[in-house]
Amino acid sequence: MPTVLQLFGLVFRIYTRDHLPPHVHVISPDGEAKFTIGETVVELVQNKGMKQKDINLSLSILEENRERLINEWNKIHQI
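One structure accompanies this document, and this report is about it. (Residues numbered from 1 in each chain as written. Predicted model: local features only at pLDDT ≥ 70, side-chain atom pairs only at ≥ 80, totals over all residues. Heavy atoms only, no water.)

## Digging into the overall build of the protein chain
The line we're drawing: In this description a helix means any DSSP run of H or I spanning at least four residues, a strand means any run of E spanning at least two, and both kinds are numbered starting from the N terminus. As defined in this context, the radius of gyration uses C-alpha atoms, and a globule is described by 2.2 Å times the residue total to the power 0.38. Only protein chains enter the area calculation, which uses a 1.4 Å probe; residues under 20% of their type maximum are buried, those over 50% are exposed, and those in between are partly exposed. We call two residues in contact whenever any of their non-hydrogen atoms come within 4.5 Å of each other. Residue exposure ignores everything except the shown protein chains as possible cover, and the areas themselves are Shrake-Rupley values with a 1.4 Å probe. When charges are tallied, Lys and Arg are placed among the positive residues and Asp and Glu among the negative ones, while His and the ends of the chain are skipped. Charged side chains are reduced to one point each, which is NZ for Lys, CZ for Arg, CG for Asp and CD for Glu.
Helix and strand counts for the protein chain stand at 2 helices and 5 strands. Taken from the N to the C terminus, the helices and strands of the protein chain come in the order β-β-β-β-β-α-α. In terms of overall size, the protein chain behaves like a compact globule, its C-alpha atoms giving a radius of gyration of 11 Å where 79 residues would be expected to give roughly 12 Å. Projected onto its principal axes, the C-alpha coordinates of the protein chain cover approximately 35 × 25 × 20 Å. Put simply, the protein chain has 79 residues, and 38% of those count as buried. Of the contacts made within the protein chain by residues no fewer than 6 positions apart, 37% connect residues no fewer than 24 positions apart. When the accessible surface of the protein chain is summed, it comes to about 4,800 Å², and 49% of that surface belongs to carbon and sulfur atoms. Each charge class in the protein chain can be summarised by its mean position, and for the 9 positive and 10 negative side chains these summaries are 6 Å apart.

Okay, here's the thing in structure tokens:
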């Protein structure tokens, strides 16, 4: 499970051999959330205990780095 980004106490991971659609798991001190990364939108699909402020921060970081993360997903999954 490669860590592709680490900022403000949040760890952004893309798991190898994971399923489509492209998504990122974000781990905070309080929990974990999963976000899909589309061509035009980042969307929260699952939250397991992460605080709302960390979800909002994660969304901002993911939107800002969307292209990079899609490239990382494709690289990890050899697409």
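Let us keep going from here.
## A few points about the nonpolar core
Note the threshold: Among the buried residues, those of types Ala, Val, Leu, Ile, Met, Phe, Trp, Tyr and Cys that are joined through side-chain atoms within 4.5 Å form a nonpolar core.
Membership of the largest hydrophobic core comes to 18 residues, with the highest contact counts inside it found for Phe12, Val24, Val26, Phe35, Leu62 and Leu69. Of all the secondary structure elements, the ones that give two or more residues to this core are β1 (3–7), β2 (10–13), β3 (23–27), β4 (32–37), α1 (52–64) and α2 (66–76). Each residue touching Phe12, except ones within four places of it in the same chain, is listed here: Pro2, Thr3, Val4, Leu5, Gln6, Leu7, Val24, His25, Val26, Ser58, Ile61 and Leu62.

## A short note on unusual backbone geometry
With an omega of 0°, the peptide bond between Leu20 and Pro21 qualifies as cis. Positionally, Pro21 belongs in the loop between β2 and β3. Positive phi, close to 50°, is recorded for Phe8, a residue that is not glycine. Position of Phe8 relative to the elements: it lies in the loop between β1 and β2. For Phe8, a relative accessible area of 65% puts it in the exposed group. Of note, the phi angle at Arg17 is positive, near 55°, even though the residue is not glycine. Overall, the relative accessible area of 84% leaves Arg17 in the exposed class.

## What to know about the pattern of salt bridges
Using the following cut-off: Take a side-chain nitrogen of Lys or Arg and a carboxyl oxygen of Asp or Glu: if they are within 4 Å of each other, that pair is a salt bridge.
One pass over the structure, following the stated rule, counts 2 salt bridges. The closest approach of N and O atoms between Asp30 and Lys51, which form a salt bridge, is 3.7 Å. One end of the pair, Asp30, is in the loop between β3 and β4; the other, Lys51, is in the loop between β5 (42–48) and α1, and 21 residues separate them in sequence. In this structure Lys51 comes out as partly exposed when scored by relative accessible area, which is 45%.

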